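Chain and residue survey
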Amino acid sequence: MNYIIVTGGLGYIGSNTIIQLLKKGYTPIIFDNLSNSSIHVLDTIYDITKKNVIFNNIDISSKDIFTSMKSYKKYNIVGIIHFAALKSVSQSIQNPLLYYKNNINGLLNMLEIMNLYHIPNFIFSSSATVYSSINTLPFKEDQIIGQNLTCPYGKTKYFCEEILQDFYKKYKHKNILLLRYF
């Protein structure tokens, strides 16, 4: 059986991804601290798929994630899909340190887990907020990123993309995918 960790798996995009993974025969392991989601989403996933999922109410930005992962060391985990992040532009302006701590520490912890458990695949949920405000619309992949960013949220996503690129330079045998969307 192939398992995939989905952080933020009870959010809107995460839960829809869980449904598709179940339909394709994967067994999702959800890590979600319920700060932007509801436990009742598990019922909706079951109603749609008639399948149970593994759920952990945990903050991946804390070191507790490493203790929790010990119970999965014998599982064949083939990937991590990382959706978990704080995502409010206005809240990030009001509380930038919370965003830096949560979004960057969460990514760093999941990359450590990727290495510790020899997980080959990683998908990162980024954002179009990484594009520079000097670009013209519509944004294209080859446009400028990381310059004149307007909020801490966008900066955390940009920094995470940079971290992932540096990580990939060291671990080229890992598969890393960045998703940018609005």
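Note: the structure precedes this text.
Right, let's walk through the structure included here. Just so it is clear, the structure is predicted and the values come from calculations on it, not from any experiment. (Residues numbered from 1 in each chain as written. Predicted model: local features only at pLDDT ≥ 70, side-chain atom pairs only at ≥ 80, totals over all residues. Heavy atoms only, no water.)

Strand order in this open sheet of 6 strands is β3-β2-β1-β4-β5-β6, and the pairing throughout is parallel. Two strands in the sheet have a free side with no partner beyond their single neighbour: β3 (54-57) and β6 (175-179). In this sheet, neighbouring strand axes are inclined to one another by 15° on average, regardless of whether the strands run parallel or antiparallel. Pairing of strand β4 (residues 77-82) with strand β5 (residues 121-125) involves 4 bridges; the strand directions are parallel. The partner of Ile80 across the bridge, within β5, is Phe122. (Pairing = 2+ DSSP bridges. Helix = DSSP H or I, 4+ residues; strand = E, 2+ residues; numbered from the N terminus. Axes fitted to C-alpha atoms, helices over the stretch in contact; angles between N-to-C directions.)

Moving on, we get to the pattern of salt bridges. One pass over the full model with this rule turns up 3 salt bridges. For Lys63, the salt bridge goes to Glu112, with nearest N and O atoms at 3.8 Å. Of this pair, Lys63 sits in the loop between β3 and α3 (64-69) while Glu112 sits in helix α5 (residues 96-116), and the two are 49 residues apart along the sequence. (Salt bridge = Lys/Arg side-chain N within 4 Å of Asp/Glu carboxyl O.)

Here Asn135 lies in the loop between β5 and α6 (152-170). Engagement of the side chain of Asn135 in a polar contact is seen with the backbone oxygen of Ile144, the distance being 2.6 Å. (Polar contact = N/O pair within 3.5 Å; in protein donor to acceptor, adjacent residues only side chain to side chain.)

Take the pairing of strand β1 (residues 3-7) next. For β1, the tally of buried residues reaches 5 of 5 residues, placing the bulk of the element in the interior. Both β1 and strand β2 (residues 27-32) contribute to a ladder of 5 bridges, which runs parallel. When the sheet's bridge partners are listed, Thr7 is paired in β2 with Phe31. Viewed along the sheet, the connection from β1 through helix α1 (residues 12-23) into β2 turns out right-handed. Bridge analysis of β1 against β4 gives 5 bridges, and the strand direction is parallel. (Buried < 20%, exposed > 50% of the residue type's maximum accessible area, 1.4 Å probe, protein only. Right-handed = clockwise from strand over helix to strand, strands pointing away.)

If you look at the biggest cluster of nonpolar residues, it comprises 24 residues, and the most contacted ones within it are Ile5, Phe31, Met110 and Phe122. Put simply, the parts of the chain that give this core at least two residues each are β1, β2, α3, β4, α5, β5 and α6. Ranked by residue count, the leading element in this core is α5, at 6 residues. Contacts of Phe122, omitting those with residues within four sequence positions, involve Ile80, His82, Leu107, Met110, Leu111, Met114, Leu164, Asn175, Ile176 and Leu177. Leu10, Ile18, Ile19 and Phe83 belong to the second-largest nonpolar core, a separate cluster that totals 14 residues. (Core = buried A, V, L, I, M, F, W, Y, C linked by side-chain atoms within 4.5 Å. Contact = heavy atoms within 4.5 Å.)

Note the cis peptide between Leu137 and Pro138, where omega equals -5°. Along the chain, the position of Pro138 falls in the loop between β5 and α6. With a phi angle near 65°, Leu34 is a residue other than glycine that sits in the positive phi range. Taking relative accessible area as the criterion, Leu34 reaches 23% and is therefore assigned partly exposed. Phi at Asn148 takes a positive value of approximately 55°, unusual for a residue other than glycine.

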